[in-house]
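# Close look at the chain arrangement
Chain by chain, the residues run as shown.
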Amino acid sequence: MKGKTFAMFVAPSLILMLTFIALPLVSVFFQSFYQNRQQFTQTTVESCTPGFLTQNCVTEVRNTAKLDANGKPIIDRVFVGLESYRQLLQPEKVAAAFAANGEGWKALETIDFYRALRFTLTFTLVTLPLVLLLGLVLAIAVDNTVKSLRGPLIFVSLLPFIITPVIGALSIRWLFIGDGILTRALEWMTGHDIAMFAQGWTIELLMMFYRVWHVAPFAFVVFYAALQTVDQDTMESAIVDGASRWERLTHIVIPHLMPLIIFVSLIHLMDSYRVFDEVIGFSSEAHRISLQWLTFSYLTPDETGNRSISRASASSMLTMIGIVLLLIPLLMRTWRDHKVSR
Amino acid sequence: MADTRALATPLGLKVLTGVFLTVWALVALFPLFWVALMSFRAPVDALAANPLTVLLGPVTRTTSGGVSVVLLALGAVLLVVLYRLPGQFGPDLAKRLALGGSMAIGWLLGAVIFAVGALGLLLVLLPAVANIVSAVIRPIPVLGVLGEPLIGMTMDHYHAVWVKHSFYRNFINSLIITFGVVTISLTVGTLAGYALARTRSNLAFWLLIGALIFRALPHSVLVTGYVPAFVNSREMLMPLWTSPVTGWFFTLFSATPPTLYGQPLAIIVVLVSINQPFTIWMMRSFFLNIPNELDEAARVDGCTHFGAFWRVIMPVMWPGVITTGLFSFLLAYNDYLVTALLLDNQSQTMVPAISQFLNRDTRASDQIEAIAAAVSITAPLFLLVMVFQKQIVSGLTAGAVKG
């Protein structure tokens, strides 16, 4: 295909991506160095109330918003440099926490950003191996069952995958919240009084459980499809050579699936790093928050209708740096594979 | 080969596999099944301590009636039939309905007919038939018990959600947004995907890598960029309306520039763009499956590039189009973050709107209403998996195999 035709075909998609993905990125980058400040005038007002013999007089300084000709408050866009980042990262507090008599990591948990970062990273790195393992075991198990059962099993597995994330998280929550059916079952089994939503770590466990439940079917379907293309000749010769079931798995099946394991890991890293719907579904913001939720909360208007755009921009930029760092090893590998295959 | 002893699965492994798969099927289904069950029970029953009470709903039965064994049996048969139907007659029906020779339209119409038909059968015909059968067998001594209401069931919560809290408005908004996203995203995505599959230049490679990086971006990063522009779009676009060069053109549409915040059309474009990287990757992998010789033959016969694309490639491409369309649909339908931040109350879609039920969690019936709303959101997805199971599976693997 010639350059000109190629450009014609790609143009609509490219224009959309440039205006609605690349341009916002640039604008967020610049926004993070500015803050919007409302202009105030300070006036000293003396108000007096009649009292016995003398008047009671109070002087107070009032801040009143300056209004422009249309009656709208005047807002200045001020260049503040890294101020928004400083408000988010709070380096003084970090320094204090790690000083001689600081509280160390514990103090960091009181700062929203580090709290969100800690949860997001744990969440991503814990769910990744679980998803891969469950997907792989499911694929092998379904591959070994009777043919007539495979269709219904895939149908059942697709349901947790396709369900709206917020709704999926909610339905798990409804089973556990208060005296939900599964909380009762757990209490009956352990004999202890259990409240799943009273402390952070149980919520975190439920969130991870939900994510594995939601994504494992994806890994399963991808691995299952690849299992159908395992080279039967190699398999037969391995059997002739007396390879056990386990040896066949580790020496033939897993290497065959390796590119797909990397593919699923890549997708899962991207998706679980932007964990967000779980925080909404489980209403966990008091105990556990994620980086995306932090930005979301800055963007939600507060009681006065103001959005803290500059802080949201700063946290967006930091979130983005995180995903780039996380993806570099995987991208390097694809790049190397690409060069080898050429 | 299957008969050789080396390949025969040992009994222990067979049992283990069976147990594991049963447990998985239970874990996969239980939350959805149980939540759906709760939505049909009166609050006393739904939140009862004893699981049997939730299952049978005795209080619900005395207050608002219930379903008989006859109805349950007929319902089970109907569900099995509905599960089988798409696989048996789906392709034929799609071929019949393929207006203008496009299979995609055929499948779309087929799916709509199936959805409407399934809803009609389940909600109207099934109760009617069950009532007749019950009335017939009630006088018979032993069989009559089967016709009596056995399990409590109420539609009150659904009624409250859809009528009292006018959830249908959110449903309509969801319909508008998903329809817009799917059509635009497919139109733009097929063109780009086709070009990317047929080019080996470095530019194409870098475009794909760039799309991959865009795919990784958390959506909140992009929304941070949209929010100020969307809220202030009237002031920002004013120069276009007042300038003498372009003003006459834009004032044809509206007297003043629009505020994009809360505009369904603006959200459609945003969701299409966010989804573009994924769409072009998936489309490209489907186009790679179509042999290059096909368009070369068309070109030799005198077609232009676009002619070859439209007359020769698209007719064989419809499975890919349907699959990609499904995933675009899911993205638009399931989205919370973008729609919650950029749409106002009037134009809100179903998923963010559910939070209005959550925040009123004070009475017991409020919680069950939230559950009913959640089940209402899930029901279309359930039908979707029924009809399009094969396409979803092929979509999940397409990106993987060629990616």
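Residues numbered from 1 in each chain as written. Chains lettered and ligands numbered in written order. Predicted model: local features only at pLDDT ≥ 70, side-chain atom pairs only at ≥ 80, totals over all residues.

## As for the overall build of chain B
Rule in force here: Under the scheme used here, helices are H or I runs from DSSP no shorter than 4 residues and strands are E runs no shorter than 2 residues, and both carry numbers assigned from the N terminus. Exposure classification rests on a simple neighbour count of other C-beta atoms within 10 Å of a residue's own: a residue reaching 20 or more is buried, one at 12 or fewer is exposed, and one in between is partly exposed. C-beta atoms are placed from the backbone.
Helix and strand counts for chain B come out as 20 helices and two strands. Each principal axis of the C-alpha distribution contributes one length, and for chain B these read about 85 × 70 × 40 Å. For chain B, the residues scored as buried account for 39% of the 403 residues in total.

## Quick word on the domain arrangement of chain B
Interface size is commonly expressed as the accessible surface area that is lost when the partners come together. Residue and element names in this part refer to chain B. We count it as follows: Segmentation of the chain into domains, including their bounds, is taken from an automatic or database domain assignment. We call two residues in contact when the distance between their C-beta atoms, placed using the backbone, is within 7 Å.
Along its sequence, chain B is organised into domain 1 (40-154) and domain 2 (165-403). Distance from the C-alpha centre of domain 1 to the C-alpha centre of domain 2: 33 Å. Contact residues are listed per partner, giving 16 residues for domain 1 and 10 residues for domain 2. Elements supplying a minimum of two residues to the side of domain 1 that touches domain 2: helix 2 (43-46), helix 5 (69-97) and helix 6 (103-137).

## So, the interface of chain B and chain A
Short version of the rule: Residues are sorted three ways: Asp, Glu, Lys and Arg are charged, Ala, Val, Leu, Ile, Met, Phe, Trp, Tyr, Cys and Pro are nonpolar, and all the rest, Gly among them, are polar.
In this assembly, 68 residues from chain B lie in contact with 69 residues from chain A. Broken down by secondary-structure element, the contributors of at least two residues to the side of chain B that touches chain A are helix 1 (11-39), helix 9 (167-197), helix 10 (202-216), helix 11 (219-231), helix 14 (264-288), helix 16 (305-334), helix 17 (337-342) and helix 20 (364-402) of chain B. When residues in the side of chain B that touches chain A are grouped by element, the largest group, 13 residues, is from helix 20 of chain B. The class makeup of the residues in the side of chain B that touches chain A is 50 nonpolar, 16 polar and two charged.

## Some points on the domain arrangement of chain A
Each assigned domain of chain A is listed with its residue range as follows: domain 1 (35-78), domain 2 (86-110) and domain 3 (114-341). Using only C-alpha atoms to locate each centre, domain 1 of chain A and domain 3 of chain A end up separated by 54 Å.

## What to know about the confidence of the model for chain A
Threshold: Predictor confidence is given residue by residue as pLDDT, running from a minimum of 0 to a maximum of 100.
Scored by pLDDT, chain A has a mean of 86; 99% of the residues are at 70 or more. Averaged pLDDT values for the elements of chain A fall to 78 in strand 3 (residues 55-65) of chain A and rise to 93 in helix 5 (residues 112-143) of chain A.

## Focus on the nonpolar core
It is characteristic of soluble globular proteins that their nonpolar side chains tend to be buried jointly. Note the cut-off: Defined on buried residues, the nonpolar core groups Ala, Val, Leu, Ile, Met, Phe, Trp, Tyr and Cys residues joined through C-beta atoms within 7 Å.
Grouped together as the largest cluster of nonpolar side chains are 165 residues, with contacts concentrated most on F223 of chain A together with L271, L342 and A374 of chain B. Setting aside residues no more than four positions away along its own chain, F223 of chain A makes contact with G135, L136, A139, L257 and L260 of chain A.

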